[in-house]
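# Breakdown of the fold
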Amino acid sequence: MSSAHPRGAKPFRLTVGRIGLYAFLGCAALFFLLPLYTMLVTSLKSMEEIRLGQIFAMPVQFFWDAWKTAWSGACMGTQCGGVRVGFWNSVQITVPAVAISVLVGAVNGYALSFWRPHGSSALFGLLMAGGLIPYQIFLYPLVRLLATVELYNTVAGVVLVHVIFGLPLVTLLFRNYFVAIPDELCKAARVDGAGFWRIFFEIMLPMAVPMVVVASIFQFTGIWNDFLIGLVFAGRDNLPMTVQLNNIVNTTTGERAYNVNMAATILTALVPLAIYFFSGRWFVRGVAAGAVKG
């Protein structure tokens, strides 16, 4: 006679605790999804329908022109090019900054995992504290430094600043990951004739794929969503998407097009949302594997 439940599976029971958990998760999801829903339905309405004030109502007729305008026609002062140019600027800034900071941070973390002197925990704690210092206090010295080396108002200068500010956290994440790997593995590789770089690229880095994903997500979202560094260091011709979005929303010439503003906001946030959606499983694996453990 077949069992009603698969072997080893527990029967589902609706308890008070489970009901409370589902209620909490439902409220949390509603809290975070409601603004996104409001922006989405507003971006699909015409201005005549928006003026009715029914912000939660579905559009009577889907109005896609706001999305086209937000992408390639929205005005930022006297320039009407949409967020398209800012998108490609953000790609040019974010991709190399993430790649460089993750690679250099992985090498630094790998090297520091072998360095365990007395008081190393306090030293790494100070390094972490230094990484958490608000970077606003470094803006003026960095502006003078980049202007001296002729990197101010360039994409390369913005990438360099993001790499500098991202390295402390990325280094500590990789160091805490590599320090949990048994030393015998590296010793056996050295016996076989492998050197520092061969061990790193052929053994340690492939084992740290979940950690690479975690560090990349942290860096990507932080750099893509950045406003201040892009505003200060990028220059007028290299403004990232977030700065151009701010300029579109705050442009006061003519009628304020709320549907265009909402569409531009969603377009700006679409890439980080997609990154989290498609790499969420790897992100959880990396955190669970000790990405934030010392």
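For clarity, every value in this text was computed on a predicted model and none was experimentally measured.

### Description of the overall build of the protein chain
Of the regular secondary structure elements, the protein chain holds 13 helices and two strands. Per-residue burial over the protein chain gives 36% buried out of 294 residues. Counting only contacts in the protein chain whose residues sit at least 6 apart along the sequence, the fraction spanning at least 24 positions is 71%. Element-wise, carbon and sulfur atoms account for 68% of the exposed surface of the protein chain, whose accessible area totals about 17,500 Å².

### Focus: empty space enclosed by the protein
All chains considered together, the criterion is met by two cavities of 30 Å³ or more. By volume, the largest cavity is sized at about 40 Å³. In the lining of the largest cavity, the residues fall into seven nonpolar, one polar and two charged. What lines the second largest cavity is simply Ser90, Ile93, Thr94, Val158, His162, Ile223, Asp226, Gly230 and Pro240.

### Section: unusual backbone geometry
A negative phi holds for most residues other than glycine; trans holds for most peptide bonds. The phi angle at Glu150 is positive, at roughly 60°, despite the residue not being glycine. Within the secondary structure layout, Glu150 lies in the loop between helix H6 (139-148) and helix H7 (155-178). When its relative accessible area of 68% is taken as the criterion, Glu150 is described as exposed.

### Concerning the nonpolar core
Core analysis: the largest hydrophobic core is formed by 55 residues, its most contacted members being Phe174, Phe178, Ile199, Met204, Met211 and Phe233. The dominant element in this core, judged by the number of residues it contributes, is H7, at eleven residues. Excluding its chain neighbours within four sequence positions, the residues that come into contact with Phe233 are Leu139, Leu142, Val143, Leu146, Tyr152, Asn153, Thr154, Val158 and Val161.

### Examining the confidence of the model for the protein chain
Put simply, the protein chain has an average pLDDT of 85, and 89% of its residues get 70 or more. Per-element confidence in the protein chain ranges from a low mean pLDDT of 72 for helix H5 (residues 120-131) to a high of 93 for helix H4 (residues 84-112).

### What to know about the state of the cysteines
For the structure shown, the criterion picks out one disulfide. The side chain of Cys75 participates in a disulfide bridge whose partner is Cys80; the two sulfur atoms lie 1.9 Å from each other. Around the S-S axis, the bridge from Cys75 to Cys80 shows a dihedral of about 95° and counts as right-handed. By relative accessible area, Cys80 is classed as partly exposed at 43%.

### Overview of the layout of surface pockets
Gaps left between atoms are located by rolling a probe of water-molecule size over the structure's atoms. Each pocket or cavity is described by its volume, and for the largest pocket that value is around 480 Å³. If you trace the largest pocket, you find 21 residues lining it, with Gly131, Tyr135, Phe165, Gly166 and Gln219 closest to the centre. Elements that contribute at least two residues to the lining of the largest pocket include exactly H5, H7 and helix H10 (209-224). When residues of the lining of the largest pocket are assigned to their parent elements, the largest contribution, six residues, is made by H7.

### Comments concerning the packing of aromatic side chains
The way to describe two aromatic rings as a pair is by their centre distance and the angle between their planes. Counted according to the given criterion, the structure contains 20 aromatic pairs. Seen from their ring centres, Phe62 and Trp64 are 6.4 Å apart, and the 25° between their planes marks the pair as stacked. Of the residues examined, Phe62 reaches a relative accessible area of 46% and is grouped as partly exposed. Measuring from ring centre to ring centre gives 5.2 Å for Tyr135 and Phe165, while their planes differ by 40°; the resulting arrangement is tilted. Placement of Tyr135 in the loop between H5 and H6 and of Phe165 in helix H7 is noted, with a sequence separation of 30 residues between them. Connected via pairs of aromatic rings, a cluster forms that spans Tyr110, Phe114, Phe174, Tyr177, Phe178, Phe196, Trp197, Phe200 and Phe201. Above the plane of the ring of Phe114 lies Arg190, whose end atom (NZ or CZ) is 5.2 Å from the centre.

### Observations concerning H6
Within H6 the residues assigned to the buried category are Leu139, Leu142, Val143 and Leu146. The arc enclosing the buried residues of H6, seen along the axis, measures out at 105°, which places them on a common side. Exposed positions of H6 whose direction lies more than 90 degrees from the buried face are Tyr140 and Thr148. If you follow the buried residues of H6, they end up packed against H7 and helix H11 (228-233). At the exit of H6 stands Glu150, carrying a positive phi of roughly 60°.

### Here we look at the packing of H4 against helix H9 (residues 196-207)
Packed helix pairs are characterised by how far apart their axes lie and by the angle those axes make with each other. With their axes 11 Å apart at the nearest point, H4 and H9 run at an angle of 105° to one another. One way to sum up the angle between H4 and H9 is to call them roughly perpendicular. Between H4 and H9, the residues in contact are Leu103, Ala106, Val107, Tyr110 and Ala111 and Phe196, Trp197, Ile199, Phe200, Phe201, Met204 and Leu205, respectively. Residue composition of the contact of H4 with H9, grouped by class: twelve nonpolar, no polar and no charged.

Criteria and thresholds
Residues numbered from 1 in each chain as written. Predicted model: local features only at pLDDT ≥ 70, side-chain atom pairs only at ≥ 80, totals over all residues. Heavy atoms only, no water. Helix = DSSP H or I, 4+ residues; strand = E, 2+ residues; numbered from the N terminus. Buried < 20%, exposed > 50% of the residue type's maximum accessible area, 1.4 Å probe, protein only. Contact = heavy atoms within 4.5 Å. Areas by Shrake-Rupley, 256 points an atom, 1.4 Å probe, with all protein chains shown as cover. 1 Å grid on protein atoms, 1.4 Å probe; cavity = no way out; pocket = protein on both sides within 12 Å on 5 of 7 lines; lining within 4 Å. Points joined across faces, edges and corners; volume = space filled by probe spheres on them. Nonpolar A, V, L, I, M, F, W, Y, C, P; charged D, E, K, R; others polar. Core = buried A, V, L, I, M, F, W, Y, C linked by side-chain atoms within 4.5 Å. pLDDT = per-residue confidence, 0-100. Disulfide = S-S within 2.5 Å. Phe/Tyr/Trp six-rings, centres within 6.5 Å; stacked < 30°, edge-to-face > 60°. Lys NZ or Arg CZ within 6 Å of the ring centre and 35° of its normal. Arc of directions from axis to C-beta. Axes fitted to C-alpha atoms, helices over the stretch in contact; angles between N-to-C directions. Parallel < 35°, antiparallel > 145°, perpendicular 65-115°, else oblique.

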